[in-house]
Amino acid sequence: MRKRSFFIFMVSFLISLFHTKRTPKHQPDPADPMFFVGTWQFKDHRERVHRLEIGPDLKLLIDGKDMSAKVSLLTRYELSYVDKFGYKLEIRGNEARPIKFYDESENYTYDLQSANEIEQSN
């Protein structure tokens, strides 16, 4: 009887050991909203230059107009908005800065350039 109890104890111990939930070893870095803050420029498919501004409160302005967009997603390298018409506006970045702007209403992705860099080169 003693051997049987010991055996049941060991089996239940091993089962509980392998079935416990483990926390992930690598947790993603928290998103920093200040990464996206700044003034950017992009050319649309008609070669017109537009100015995209993101404020410290993540307010989105395009060509000085408030887009009345709400933040729907914020990750380390992506900031996503939904505008008042329900279209998605996304800003994607790399390790250094935001580099792409996607406008769902036109289904087009634009390359972003820092407005400060462009003004300094002129």
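Values in this document were obtained by computation on a predicted structure and should not be read as measured data. (Residues numbered from 1 in each chain as written. Predicted model: local features only at pLDDT ≥ 70, side-chain atom pairs only at ≥ 80, totals over all residues. Heavy atoms only, no water.)

**Examining the sheet that holds strand β7 (residues 88–93)**
With respect to topology, five strands assemble into an open sheet ordered β5-β6-β7-β8-β9, the strand pairing being antiparallel. Two strands in the sheet have a free side with no partner beyond their single neighbour: β5 (70–74) and β9 (108–111). When strand polarity is set aside, the average angle formed by the axes of neighbouring strands in this sheet is 20 degrees. Pairing between β7 and strand β8 (residues 98–103): five bridges, direction antiparallel. When the bridges of β8 are listed, Leu 89 appears paired with Asp 103. (Pairing = 2+ DSSP bridges. Helix = DSSP H or I, 4+ residues; strand = E, 2+ residues; numbered from the N terminus. Axes fitted to C-alpha atoms, helices over the stretch in contact; angles between N-to-C directions.)

**Quick notes on the pattern of salt bridges**
Here the structure, examined in full by the defined rule, presents seven salt bridges. In this structure, the salt-bridge partner of Asp 44 is Arg 46, at a minimum N-O distance of 4.0 Å. Note on Asp 44: relative accessible area 6%, which makes it buried. For Arg 46, a relative accessible area of 49% corresponds to the partly exposed category. Each of Lys 88, Glu 90 and Arg 92 takes part in salt bridges that share partners, so that together they form one network. (Salt bridge = Lys/Arg side-chain N within 4 Å of Asp/Glu carboxyl O. Buried < 20%, exposed > 50% of the residue type's maximum accessible area, 1.4 Å probe, protein only.)

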